[in-house]
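# Secondary and tertiary structure notes
What follows is the residue order along each chain.
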Amino acid sequence: EPREITLEGSTKRVYVTGEGPGVIVMTEMPGISPHVARFARWVRDAGFTVYMPSLFGRDGAVPTVEDGVTVFQRACVSAEFRAMGGGKSSPVTRWLMALAREAHAECGGPGVGAIGMCFTGNFALTMMLEPAMLAPVLSQPSLPLDNPAGLEISDEELKTVSERLESEDLAVLAYRFEGDNFCQAQRFKAYEEALGDRFKGRTLP
């Protein structure tokens, strides 16, 4: 079900499906391809209500290389995303936290989960600043693109998230592939140093 949802003064299309606790599935670059949509259906079929916001690209399309490069370049210079530099969260995470509150209000349950993929991989961690968020999953978190050991979150926000993970006995799940040029081992090491054993990172072959 496509919905036009206005939060924080901005309207985005969000695809909603399923029943159960809410899970926000954030697309990888360059958009909601059939593969991303299939993954969202797997999450739905596991017993969750999926909220999949359209953040960039053409929904449902398998982009050509040229289209993909164009979408990537636009996202890198967009005010919503911080692709370079690190040390600060992308502004779009504020909208995503509001979506988490909305999903929790609609679905009930103990809280909401979020899955970020590659370009959006880091967002799920910043979303832990929202009390409704309980289950962050970072898949190949690739930002900032210019610093393999950098984290796309401020020190103050990271400290707040770390304290919350400890006080509420929560964990961050994270996954990367061996040889991934966008999410290298240095990034997971930085997360481990910041979050300790609350960070559950796994490298896949």
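Quick summary incoming for the structure in this document. (Residues numbered from 1 in each chain as written. Predicted model: local features only at pLDDT ≥ 70, side-chain atom pairs only at ≥ 80, totals over all residues. Heavy atoms only, no water.)

### Focus on the overall build of the chain
The helix and strand inventory of the chain stands at 6 helices and 8 strands. Helices and strands in the chain line up, N terminus first, as β-β-β-α-β-α-α-β-α-β-α-β-α-β. What you see for the chain is a C-alpha radius of gyration of 16 Å, in line with the 17 Å of a compact globule of 205 residues. Overall size of the chain, expressed as C-alpha extent along the three principal axes, is 40 × 40 × 35 Å. Split into buried and exposed, the 205 residues of the chain put 47% on the buried side. Of the roughly 9700 Å² of accessible surface on the chain, 52% is carried by carbon and sulfur atoms. With 20 positive and 27 negative side-chain charges, the chain shows a separation of 2 Å between the mean positions of the two kinds. (Helix = DSSP H or I, 4+ residues; strand = E, 2+ residues; numbered from the N terminus. Rg over C-alpha atoms; globule rule 2.2 N^0.38 Å. Buried < 20%, exposed > 50% of the residue type's maximum accessible area, 1.4 Å probe, protein only. Areas by Shrake-Rupley, 256 points an atom, 1.4 Å probe, with all protein chains shown as cover. Lys, Arg positive; Asp, Glu negative; His and termini not counted. Charge placed at Lys NZ, Arg CZ, Asp CG, Glu CD.)

### Remarks on the pattern of salt bridges
On inspection of all chains with the given rule, the structure shows 13 salt bridges. Taking the shortest distance from any N to any O, the salt bridge between R94 and E157 comes out at 2.5 Å. Placement of R94 in helix 3 (residues 92–107) and of E157 in helix 5 (residues 155–167) is noted, with a sequence separation of 63 residues between them. Of the residues examined, E157 reaches a relative accessible area of 13% and is grouped as buried. The closest approach of N and O atoms between R198 and E166, which form a salt bridge, is 3.3 Å. (Salt bridge = Lys/Arg side-chain N within 4 Å of Asp/Glu carboxyl O.)

### A closer look at the side chain of R164
If you trace the backbone, R164 turns up in helix 5. Overall, the relative accessible area of 10% leaves R164 in the buried class. In terms of polar contacts, R164 uses its side chain to reach the backbone carbonyl oxygen of P131, at 2.8 Å. (Polar contact = N/O pair within 3.5 Å; in protein donor to acceptor, adjacent residues only side chain to side chain.)

### Here's the deal with the sheet that holds strand 1 (residues 2–7)
Strand order in the open sheet formed by 8 strands is 1-2-4-3-5-6-7-8, and the pairing between neighbours is mixed. Both outer strands of the open sheet, strand 1 and strand 8 (199–204), are each paired with one neighbouring strand and no more. Within this sheet the neighbouring strands show an average axis-to-axis angle of 25°, counted without direction. Across the sheet, helix 1 (residues 34–45) touches strand 2 (10–17), strand 3 (22–25), strand 4 (49–53) and strand 5 (112–117), and the angle it forms with strand 4 is around 155°. Strands in contact with helix 6 (residues 185–195) are strand 6 (133–139), strand 7 (172–177) and strand 8; relative to strand 8, the strand with the most contacts, it is inclined by about 165°. (Pairing = 2+ DSSP bridges. Axes fitted to C-alpha atoms, helices over the stretch in contact; angles between N-to-C directions. Contact = heavy atoms within 4.5 Å.)

### Some words on the pairing of strand 4
Most of strand 4 sits out of view: 5 of its 5 residues are buried. Here strand 4 shows a buried face lined by T49, Y51 and P53 and a second buried face lined by V50 and M52. The pairing of strand 2 with strand 4 spans 4 bridges and is antiparallel. For V14, the partnering residue across the bridge sits in strand 4 and is P53. A crossover links strand 3 with its parallel partner strand 4, the connecting element being helix 1, and its sense is right-handed. (Right-handed = clockwise from strand over helix to strand, strands pointing away.)

### Side note on the packing of aromatic side chains
Within this structure, the stated rule accounts for 7 aromatic pairs. On the numbers, 5.5 Å between centres and 70° between planes, the contact of F81 with F119 is edge-to-face. Placement of F81 in the loop between helix 2 (65–77) and helix 3 and of F119 in the loop between strand 5 and helix 4 (123–126) is noted, with a sequence separation of 38 residues between them. F81 gets classed as buried once you look at its relative accessible area, which sits at 5%. Taken together, a centroid distance of 5.3 Å and an interplanar angle of 85° make the contact between F188 and F199 edge-to-face. Residue F188 is located in helix 6, and its partner F199 is located in strand 8; the two are separated by 11 residues in the primary sequence. The buried category is assigned to F199, whose relative accessible area is 5%. Among the aromatic residues, those joined into a ring-pair cluster are F56, F72, F81, F119 and F123. (Phe/Tyr/Trp six-rings, centres within 6.5 Å; stacked < 30°, edge-to-face > 60°.)

These results come straight from atomic positions and should not be treated as a statement about function.
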